[in-house]
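# Observations on chain architecture
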Amino acid sequence: MIEAFLASDLAKPEGALIAIEETLTGQLHEDLPDLVARIDVIWQTDESTHLMDLKTSRSRWSEAKVRESADQLLLYQLLASRMAPDQELQLHFGVITKAKSPAVQLLDVPQDENRTSKVVDLMLPVWNAMKTGVDFASPSPMSCSTCPFQSRCPAYHG
Ligand code: SF4
């Protein structure tokens, strides 16, 4: 998989590489706490700043899978656009399949302001419930190992 990644456009995007695993923190709504976004790769071309999230997968991603998974990147875009409102942002998934001959995909994520604002609206009742003690933590070895909230999470068991 690493060889396939290194031989692909994902490892050397067109333009200037400006960040790897960059953390952005900021508010998406006045009634929500800060969102922490960890952006795998950021690069810049003459026209745009590109944000990419890297994924491994059993199989190639379809357009439907891109749309289904896009919320995370749409929120990252909203956060980044508030920090740099004059930047034209483009979103991408980089997908590497876990196969004997891995396939590598660079997939554009369509931007959808309507969807982004619906996701933010969905976060509001969840956050309000959490403030009253309702706990939505969903521990898993993959998520918890890199979670910045381990020290404050009642569901984290190491
Ligand atoms: S440590 Fe807690 S908040 Fe973080 S991913 Fe695990 S369950 Fe979720």
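Coordinates for the structure precede this section.
So, here is what we can say about the structure in this document. (Residues numbered from 1 in each chain as written. Predicted model: local features only at pLDDT ≥ 70, side-chain atom pairs only at ≥ 80, totals over all residues. Heavy atoms only, no water.)

### Digging into the environment of Q150
We apply this condition: Secondary structure elements follow DSSP: runs of H or I no shorter than four residues count as helices, runs of E no shorter than two count as strands, and numbering proceeds from the N terminus. In this scheme, a residue with accessible area under 20% of its type's maximum is buried, one over 50% is exposed, and one in between is partly exposed, where area comes from a 1.4 Å probe on protein chains only. Contact criterion: two residues are considered in contact whenever any of their non-hydrogen atoms come within 4.5 Å of each other. What qualifies as a polar contact is a pair of N or O atoms within 3.5 Å, subject to a donor-acceptor requirement within protein and to the restriction that residues adjacent in sequence count only when both atoms come from side chains.
Turning to its location among the elements, Q150 is positioned in the segment after helix 5 (141–144). The partly exposed category is assigned to Q150, whose relative accessible area is 24%. The contacts of Q150, once residues within four sequence positions are left out, are C144, S145 and Y156. A polar side-chain atom of Q150 sits 2.5 Å from the main-chain carbonyl oxygen of C144.

### Quick notes on the site of the ligand
Where we set the bar: Near residues are defined by distance, with any heavy atom within 4 Å of the molecule or strand qualifying the residue. A cavity here means a set of points on a 1 Å grid, drawn over the protein atoms and nothing else, where a 1.4 Å probe fits but cannot get out; a pocket is an open set with protein on both sides within 12 Å along at least five of seven lines, and a residue lines either one if it has an atom within 4 Å of a point. A molecule is said to be in a cavity or pocket once over half of its atoms fall within 2 Å of that pocket's grid points. Gly is placed with the polar residues, together with every amino acid not listed as nonpolar (Ala, Val, Leu, Ile, Met, Phe, Trp, Tyr, Cys and Pro) or charged (Asp, Glu, Lys and Arg).
Close to the ligand lie A137, S138, P139, S143, C144, C147, C153 and Y156. Taken atom by atom, the bulk of the ligand overlaps the largest pocket. Here the residues of the shell around the ligand are counted per class, giving 6 nonpolar, 2 polar and no charged.

### Focus on helix 3 (residues 71–83)
As a reminder of what qualifies: To estimate the expected span of a helix, subtract one from its residue number and multiply by 1.5 Å.
Across its 13 residues, helix 3 extends 19 Å between first and last C-alpha, which sits within 8% of the 18 Å expected from 1.5 Å per residue. Considered for burial, the residues of helix 3 that qualify are L73, L74, L75, Y76, Q77, L78, L79 and A80. Buried positions along helix 3 lie against strand 1 (16–26), strand 2 (35–44), strand 3 (49–57), strand 4 (89–97), strand 5 (104–109) and helix 4 (113–131).

### Topic: a nonpolar patch on the surface
Put simply, the rule is: Patches here: salt-bridge-free residues with over 30% relative accessible area, like charges joined within 9 Å, nonpolar side chains (Val, Leu, Ile, Met, Phe, Trp, Tyr) joined within 5 Å. Every accessible area reported is derived by Shrake-Rupley at a probe size of 1.4 Å, with residue values counting cover from the shown protein chains alone. A side-chain nitrogen of Lys or Arg and a carboxyl oxygen of Asp or Glu constitute a salt bridge if their distance falls within 4 Å.
Nonpolar side chains collect at one region of the surface, where V126, M130, V134 and F136 lie side by side and expose about 330 Å² of accessible area between them. Mapped onto the fold, M130 is located in helix 4.

### Some details on the nonpolar core
Just so we agree on the cut-off: Residues grouped as a nonpolar core are buried Ala, Val, Leu, Ile, Met, Phe, Trp, Tyr and Cys residues, joined through side-chain atoms within 4.5 Å.
L28, F93 and V109 are the most contacted members of the largest nonpolar core, which totals 28 residues. Going through the elements one at a time, strand 1, strand 2, helix 3, strand 4, strand 5 and helix 4 are the ones with two or more residues in this core. Counting residues per element, this core draws most heavily on helix 3, at 7 residues. Residues contacting L28, with those up to four places away along its chain left out, are L35, L75, L78, L79, R82, V120 and M123. Residues L10, V41, W43 and M52 belong to the second largest nonpolar core, which totals 5 residues.

The values are spatial; any link to function lies outside them.
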